[in-house]
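Structure assessment
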Amino acid sequence: MPRYTIHIRDEWLTVPCRDSTYTIQWLGHEALKRYTKNKPDNGGIKKAVTDIKFFARRCQGQGLLDEDDTIEDVLEDNDFVEIAIEGDAMSSDFIPYQPGVSQLYPSIYLFLDGNSLTSTDLVNLGKGLYKIKLSPEAENGVVKSRELLDTIVKENKVVYGITTGFGKFARTVIPVHKLKELQENLVRSHSAGVGSPLTPERTRMLLALRINVLAKGYSGISLETLHRMIEAFNASCLSFVPEKGTVGASGDLAPLSHLALGLMGEGKMWSPKSGWADAKYVLEAHGLKPISLKPKEGLALINGTQMITSLGAEAVERALAIARQADIIAAITLEVLKGTSKAFDSEIHALRPHSGQIEVARRFRSLLHSDHHPSEIAESHRFCDRVQDAYTMRCCPQVHGIVNDTIDFAKKIINTEINSATDNPISFTGSEGETISGGNFHGEYPAKALDFLAIGVHELAAISERRIERLCNPSLSELPAFLVNEGGLNSGFMIAHCTAASLVSENKVLCHPSSVDSLSTSAATEDHVSMGGWAARKALRVVEHVEQVLAIELIAACQGIEFLRPLRTTTPLEKVYDLVRSVVKPWIKDRFMSPDIEAVHRLLLDQKVWHVAQPYIERYNMEFLPESRPSSPTAFSLDPPASPRKRVRLE
């Protein structure tokens, strides 16, 4: 039976076809039906599938398909097709499809020079938002560096990695006629990784970062080879790169070797047109030629910390996004649990002026009850007899604050590493024109930073899980047990809390730093390594778990608001509540919960919670609105307030 791979938005779907005389319109509707089937909100599509207008384009050749054509006339078995919904506005940053423009191949270019790439840029390159070009200055530097290497070979100088073997074989001189074979053997033998391949997004990041490092002009790569790498990136021809196998010194040898192997036309490669296939056929299908290695180029392609750093860039960016949204989620929980905003008073935090702590307290003040954002919920318990709140609410600035400062520290390290020359040897094209062996390939800097990042960001989940417990526990929340009516018949959020607890427990193990370990390799030549590859991979897992725990807290907090109606919280928090309710309905009785968690997790990944609250936070910061200090549980009097009638008599 013929089958076709269909790309809709950010997903790939396989659609079998019993009868190839069906039309392209049928294929599109069938793909859309499968796309919406398992989405909790039908993927944001409100029309019936048969009423949706779309454009169909064959991925290979980018030709538009007429919806009335029969499948057998225009497609081949296992063909790739892109479906773009007309007027698509699924998210605020979605670019509506226009005939003649494929979203798979953007026309916006990012110029790389080896000095100015950021972690944000790198993540966007991974998402396929940009193509790559070299800056003119970078091209000149690359040419000069290659000229130095060619001179070394021409003069028969003995230089490590250029005219010698590698590692333990550094003293073995290689004849000139075998220098090409030397580099090819290096890449093939070092392609020894294991495990699942990196996702296309992460492989794009890895390739883009290696291009950026080579663009610095200290590696000796030829401009021809670098241009072929850029062409492969721009066509999204991505090598099979196993995620395991690097010890983080001498750089990420195994993953970068797999990256280079595909570019040589060997091993496996992926592209949107082909899926996984032999690399030489994928390159050929895109009109690209495999790279042909010159002296030192194999070593230039594989020696560096780019896997640690590219995965680290994603971890840092996602950590930054969830840390900002954690403040918003905690603020909603505080409202539901009838906490006080007095603990976020600026005078308290001025006495302990850590930048992260001060910023988190300011965010809470901008979101919670005040003269400019009154909360009916806060007003309802202003004169309660509670003296102070639990640490999980009162100490958010102190706990969330250090997480923000940790992320800032890690981001600084990662951004420095992104624009660093991490080869060995390094070619200097100054007046002396020499190559020097050093240790810039050692991954200790990003490894330590990412271990620290995991430890820091985990605390957002640890404190969130305790807040979920308070929301679900009726003795602490004054709400129905597990946030559901008819408890017993319904279990509500009972197991959602267990899921959060399990993720926090997993994180406690994942937060053990990998960079405290080292094993001697390469016959004791590489006798201290960073283990940075595992530091990066587990940092990403920790961040993902944090996102999922906070997604559960956000759903639970919004459910808590249902039991406080008709009272309303502040305007920004009501906006967040409305956003959550756009994808998750109130919990009336038990239902399948995983899709709800997944939908809210997607809101956090897309930073939609932040985007909803951000204007209110920025307005508070920019307009220097006077700080409100309403009466609160921490300032109540032992004597009850005078009644309005008594005050009238006194007057």
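Residues numbered from 1 in each chain as written. Predicted model: local features only at pLDDT ≥ 70, side-chain atom pairs only at ≥ 80, totals over all residues. Heavy atoms only, no water.

1. Structural notes on the overall build of the protein chain
- Scanning the protein chain from terminus to terminus reveals 24 helices and 14 strands.
- A compact globule built from 651 residues should have a C-alpha radius of gyration of about 26 Å, and the protein chain, at 29 Å, falls within 12% of that.
- For the protein chain, the spread of C-alpha atoms along the three principal axes comes to 105 × 65 × 45 Å.
- Going through the 651 residues of the protein chain one by one, you find that 53% of them count as buried.
- Pairs at least 24 apart in sequence give 75% of the contacts found in the protein chain among residues at least 6 apart. (Helix = DSSP H or I, 4+ residues; strand = E, 2+ residues; numbered from the N terminus. Rg over C-alpha atoms; globule rule 2.2 N^0.38 Å. Buried < 20%, exposed > 50% of the residue type's maximum accessible area, 1.4 Å probe, protein only. Contact = heavy atoms within 4.5 Å.)

2. Regarding the environment of aspartate 389
- Relative to the assigned elements, aspartate 389 resides in the loop between α14 (376-380) and α15 (391-394).
- Considered as a pair, aspartate 389 and threonine 340 are 49 residues apart in the sequence and their alpha carbons are 7.2 Å apart.
- Once residues within four sequence positions are removed from consideration, aspartate 389 is found in contact with Lys338, Gly339, Thr340 and Arg394.
- There is a polar contact of 2.8 Å between the side chain of aspartate 389 and the backbone nitrogen of threonine 340. (Polar contact = N/O pair within 3.5 Å; in protein donor to acceptor, adjacent residues only side chain to side chain.)

3. Here's the deal with a negative patch on the surface
- A cluster of like negative charges, contributed by Asp66, Glu67, Asp68, Asp69, Glu72 and Asp73, occupies part of the molecular surface.
- If you trace the backbone, aspartate 73 turns up in helix α2 (residues 71-74). (Patch = residues over 30% accessible without salt bridge, like charges linked within 9 Å, V, L, I, M, F, W, Y side chains within 5 Å. Areas by Shrake-Rupley, 256 points an atom, 1.4 Å probe, with all protein chains shown as cover. Salt bridge = Lys/Arg side-chain N within 4 Å of Asp/Glu carboxyl O. Lys, Arg positive; Asp, Glu negative; His and termini not counted. Charge placed at Lys NZ, Arg CZ, Asp CG, Glu CD.)

4. Section: helix α13 (residues 355-367)
- Between the first and last C-alpha of α13 there are 19 Å, a value that for 13 residues agrees with the 18 Å anticipated at 1.5 Å per step.
- Those residues of α13 lying buried are Gly356, Gln357, Val360, Ala361, Arg363, Phe364, Arg365, Ser366 and Leu367.
- Residues of α13 that are buried make contact with α11 (306-336), α12 (346-350), α16 (396-418), α21 (571-581) and α23 (608-622). (Expected span 1.5 Å × (residues − 1).)

5. Here we look at the layout of surface pockets
- Approximately 590 Å³ is the volume found for the second largest pocket.
- Along the wall of the second largest pocket there are 31 residues; nearest its centre are Gly167, Ser250, Leu253, Ser522 and Glu526.
- Breaking the lining of the second largest pocket down by element, the ones donating at least two residues are α5 (179-190), α8 (253-263) and α10 (297-302).
- Along the lines of polarity and charge, the residues of the lining of the second largest pocket split into 13 nonpolar, 14 polar and 4 charged. (1 Å grid on protein atoms, 1.4 Å probe; cavity = no way out; pocket = protein on both sides within 12 Å on 5 of 7 lines; lining within 4 Å. Points joined across faces, edges and corners; volume = space filled by probe spheres on them. Nonpolar A, V, L, I, M, F, W, Y, C, P; charged D, E, K, R; others polar.)

6. Remarks on the pairing of strand β12 (residues 275-278)
- Where strand β11 (residues 268-271) and β12 come together, 4 bridges link them in antiparallel fashion. Each bridged residue has a counterpart across the sheet, and for methionine 269 the counterpart in β12 is alanine 277.
- Hairpin connection from β11 to β12: 3 residues lie between these consecutive antiparallel strands. (Pairing = 2+ DSSP bridges.)

7. Considerations on the packing of aromatic side chains
- Applying the stated criterion to the full structure yields 6 aromatic pairs.
- Arranged with centres 5.6 Å apart and planes meeting at 65 degrees, the rings of phenylalanine 409 and phenylalanine 452 form a pair that is edge-to-face. Remark: phenylalanine 452 occurs in helix α17 (residues 444-472) and phenylalanine 409 occurs in helix α16; sequence separation between them is 43 residues.
- Taking relative accessible area as the criterion, phenylalanine 409 reaches 41% and is therefore assigned partly exposed.
- Summarising the aromatic geometry, the rings of phenylalanine 493 and tryptophan 587 are spaced 5.7 Å apart at their centres and angled 55 degrees between planes, so their arrangement reads as tilted. Residue phenylalanine 493 is located in the loop between α18 (474-477) and α19 (494-510), and its partner tryptophan 587 is located in the loop between α21 and α22 (594-605); the two are separated by 94 residues in the primary sequence. (Phe/Tyr/Trp six-rings, centres within 6.5 Å; stacked < 30°, edge-to-face > 60°.)

8. Regarding α8
- Most of α8 is tucked away: 11 of the 11 residues are buried.
- Residues of α8 that are buried include every one of Leu253, Ala254, Pro255, Leu256, Ser257, His258, Leu259, Ala260, Leu261, Gly262 and Leu263, and no others.
- Of the residues one or two after α8, glycine 265 is the one with positive phi, at around 85 degrees.

9. What about the domain arrangement of the protein chain?
- Segmenting the protein chain into domains produces domain 1 (3-85), domain 2 (109-303) and domain 3 (314-423 + 444-518 + 528-623).
- The C-alpha centroid of domain 2 is placed 36 Å from the C-alpha centroid of domain 1.
- With 5 residues of domain 1 in contact, the opposing surface of domain 2 contributes 5 residues.
- In total, about 420 Å² of surface goes out of reach between domain 1 and domain 2, with carbon and sulfur atoms giving 64% of it.
- The interface formed by domain 1 and domain 2 holds 0 salt bridges in total.
- At the surface where domain 1 touches domain 2, the tally comes to 0 residue pairs in polar contact (both at pLDDT 80 or more).
- Considering only residue class, the side of domain 1 that touches domain 2 consists of 3 nonpolar, 2 polar and no charged. (Domains from an automatic or database assignment. Buried area = accessible area lost by both parts, 1.4 Å probe.)

10. Re the packing of α11 against helix α20 (residues 532-562)
- In contact at an axis separation of 9 Å, α11 and α20 are set at 20 degrees when each is read in the N-to-C sense. One element, α11, and the other, α20, form an angle in the roughly parallel class. Here α11 runs over α20; the crossing is left-handed.
- Among the residues making up the contact of α11 with α20, the classes are represented as 20 nonpolar, 5 polar and 6 charged. (Axes fitted to C-alpha atoms, helices over the stretch in contact; angles between N-to-C directions. Parallel < 35°, antiparallel > 145°, perpendicular 65-115°, else oblique. Left-handed = near helix turned anticlockwise from the far one by under 90°.)

11. Thoughts on unusual backbone geometry
- At the junction of alanine 249 and serine 250, the peptide bond is cis and its omega measures out at 5 degrees in the coordinates.
- On the secondary structure map, serine 250 appears in the loop between β10 (242-244) and α8.
- The linkage connecting asparagine 424 with the following residue, proline 425, adopts the cis geometry, with an omega of -5 degrees.
- Relative to the helices and strands, proline 425 resides in the loop between α16 and β13 (426-428).
- Phi angles above zero are rare outside glycine, and serine 522 is one such case at about 55 degrees.
- With respect to the element layout, serine 522 can be found in the loop between α19 and α20.
- A relative accessible area of 30% means that serine 522 is categorised as partly exposed.

12. Quick look at the state of the cysteines
- Taken as a whole and assessed by the stated rule, the structure comprises 0 disulfides.
- Unpaired in this structure, cysteine 395 has its nearest cysteine sulfur neighbour in cysteine 396, at a distance of 8.0 Å.
- We classify cysteine 395 as partly exposed; its relative accessible area is 23%.
- Distance from the sulfur of cysteine 558, which forms no disulfide, to the nearest cysteine sulfur (cysteine 472) is 13 Å. (Disulfide = S-S within 2.5 Å.)

13. Quick look at the pattern of salt bridges
- A complete count under the given rule lists 30 salt bridges for this structure.
- Notably, a salt bridge pairs aspartate 150 with arginine 146, separated by 3.1 Å at the nearest N-O pair. In this pair, aspartate 150 and arginine 146 are both assigned in helix α4 (residues 136-154), 4 residues apart and thus about one turn of the helix distant.
- Judged by its relative accessible area of 39%, aspartate 150 falls in the partly exposed class.
- Accessibility expressed as a relative area gives 6% for arginine 146, which makes it buried.
- Close ionic contact of glutamate 314 with arginine 202 constitutes a salt bridge, the shortest N to O distance being 2.8 Å.

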